[in-house]
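Reading the structure
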Amino acid sequence: MAEKQVRVGLAGFGTIGCGVAKLILEEAESIAAKTGLRLELGCVVDTDTESARPVKLPKSILTNDINRLLNDDTIQIGVELIGGTDAAKDVQLKMLDAGKDVVTANKALLAEHGNELYEAAHRNGRCIAFEGSCGGGIPIISAIRTGLVANNITAMYGIVNGTCNYILSEMTSKGEGFSEALAQAQNKGYAEADPTLDINGGDSAHKLAILASIAFGYEITLEDIFVEGIESVSKADIRYGGEMGYILKLLAIGQKDKEGKVSLCVYPSFIAKDNPLARVNGPFNAISIFGSAVGQVMYYGRGAGMMPTASAVVADIIDAALGNSVTTFRHLHLKPRSETELLIEKIGNCVSRFYIKVLAKNQPGVVAKYSKVLGDHDISISGALQHEGAGPNNTVPVVIITHSVQQKNMTAALVELAELDVLSGRPVCIRIVDIPEDKD
Ligand code: HSE
């Protein structure tokens, strides 16, 4: 088959950039055989042109001058892998203005400025392809945009941060503490350079903003997403939750009701032990999607790292070179903010079951007092756990599982529970997420 040459300019020669360069250089033959496209690296731009990298580039293509990429009309596709939001945004806008299609894995940039960048791409008749931004090597964007295109997507439940999933898995299976598990995730290279955004749920929120916008067709911003991280999760709560039949995961959840109202949340979630997402361990990611025609589908794989993410980026380069991305991107119509804002459900109205842990004084009448607070807020108890024997200061941990209730009721009850003189400290509150199962 005749080969078409496609010249690619890479901005950012860090971990993912090295993976992309490696695939383009080492897999050119097999990609040409499969696609009829011969990928060629036109130039690679990075402020650091000195440090040793795990890939050897052809002579003189590494430069610190972005203009070499922007002004080279033979380069059709610009790949932005700089990361961060300021310089990366500027580079993407300049690539689009220079008439290049853009490929990126920059989730933070798209979550914060996606709408502006998409507009610039539409204005220039170009596209932005961003498969590598969510789920690492899992082709989740293409699944939503093409594989599931016939569906009205009603819900998605995702484990989309490998660092958090690794930490929670280690705490669950080995009883490790949070800090030890985080240090291991950092040593293994799963965490961002600054892991704050991993553990506070920010990274998952970035990915949810991108996935939910294309799944539900809304202009979604980070302000639309309720976010809680895993910083204050303890091994004791993971253990108690386990005794009650649950596994703790950091979930990114997007749901759309019949009226088109969307709720978007990232928080630590207890899920049933026999749910398929409960068996996703270590740095792996998985996203379970519910479509009106297909039912439930689940996508699983490595959600981070050099080669899995490079796999997604190179797939985007090929799709852009084939002209597919421009066509699908042209039809990316997101409901404008004026409409979207009215359709985002406030967290207070969202309903779930809850795991509550209180430290109760081991004396008569205590159960009556905390049960009354819950009852006063229309919160019904569906299960409870209290082991025999008291701990320090004659207190005992009591775990309560509630029936479904609105978040605002629970928030008000937690304030009162924290003030009860028969309880010590603030109650722990973790949501229980009942992921529907598509069963015959
Ligand atoms: N730090 C991210 C994670 C990398 O742990 O999932 C991929 O976005």
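Residues numbered from 1 in each chain as written. Predicted model: local features only at pLDDT ≥ 70, side-chain atom pairs only at ≥ 80, totals over all residues. Heavy atoms only, no water.

Regarding unusual backbone geometry
- Phi is positive for S60, close to 55°, though the residue is something other than glycine.
- Looking at where S60 falls in the secondary structure, it is placed in the loop between β2 (37-45) and β3 (62-63).
- By relative accessible area, S60 is classed as exposed at 58%. (Helix = DSSP H or I, 4+ residues; strand = E, 2+ residues; numbered from the N terminus. Buried < 20%, exposed > 50% of the residue type's maximum accessible area, 1.4 Å probe, protein only.)

Description of the sheet that holds strand β4 (residues 75-80)
- With parallel pairing, the 6 strands of this open sheet are ordered in space as β3-β2-β1-β4-β5-β6. The outermost strands of the open sheet, each flanked by one partner alone, are β3 and β6 (128-129).
- One ladder, built from 4 bridges, connects β4 with strand β5 (residues 101-104); its direction is parallel. Paired with G78 across the strands is V102, a residue of β5.
- Packing against the sheet, helix α1 (residues 15-26) makes contact with β1 (4-11) and β2, and its axis sits at approximately 145° to β2.
- Seen against the sheet, helix α12 (residues 306-322) touches β1, β2, β4, β5 and β6 and runs at an angle of roughly 115° to β2. (Pairing = 2+ DSSP bridges. Contact = heavy atoms within 4.5 Å. Axes fitted to C-alpha atoms, helices over the stretch in contact; angles between N-to-C directions.)

Thoughts on the nonpolar core
- Grouped together as the largest cluster of nonpolar side chains are 81 residues, with contacts concentrated most on I128, I140, I144, I167, I230, L264 and I289.
- The element that contributes the greatest number of residues to this core is helix α10 (residues 202-216), accounting for 9 residues.
- In this view, I230 contacts C164, I167, L168, F178, I199, L250 and P268; residues no more than four positions away in its chain are not counted.
- Listed in part, the 30 residues of the second largest apolar core include I31, I61, V313 and A320. (Core = buried A, V, L, I, M, F, W, Y, C linked by side-chain atoms within 4.5 Å.)

Re the pattern of salt bridges
- Under the definition given, this model contains 17 salt bridges.
- For the salt bridge of E3 with R38, the shortest nitrogen-to-oxygen distance reads 2.7 Å. Placement of the pair is E3 in the segment before β1 and R38 in strand β2, with a sequence separation of 35 residues.
- Relative accessible area serves as the criterion here: at 44%, E3 is assigned to the partly exposed category.
- Classification of R38 by relative accessible area gives partly exposed; the value is 24%.
- Close ionic contact of E116 with K89 constitutes a salt bridge, the shortest N to O distance being 3.1 Å. Taken together, the positions of E116 in helix α5 (residues 107-123) and K89 in helix α4 (residues 86-97) put the pair 27 residues apart, joining distant regions of the chain.
- Take K89: its relative accessible area is 18%, and that puts it in the buried class.
- Linked through salt bridges whose partners overlap, the residues forming this network are E3, E29 and R38. (Salt bridge = Lys/Arg side-chain N within 4 Å of Asp/Glu carboxyl O.)

Structural notes on helix α11 (residues 235-243)
- Turning to α11, its buried residues are D237, I238, Y240, G241 and G242.
- Once α11 ends, the next one or two residues include G245, with phi positive near 100°.

With respect to the packing of α4 against α5
- It is the contact of α4 with α5, at a shortest axis distance of 10 Å, that shows an interaxial angle of 15°. In this view, α4 runs roughly parallel relative to α5, as classed from their interaxial angle. In this structure, the crossing between α4 and α5 has a hand that is right-handed. Seen from α4, the contacting residues are A88, K89, Q92, L93 and L96; seen from α5, they are L109, H113, E116, L117, A120 and A121.
- Partitioning the contact of α4 with α5 into residue classes produces 7 nonpolar, 2 polar and 2 charged. (Parallel < 35°, antiparallel > 145°, perpendicular 65-115°, else oblique. Left-handed = near helix turned anticlockwise from the far one by under 90°. Nonpolar A, V, L, I, M, F, W, Y, C, P; charged D, E, K, R; others polar.)

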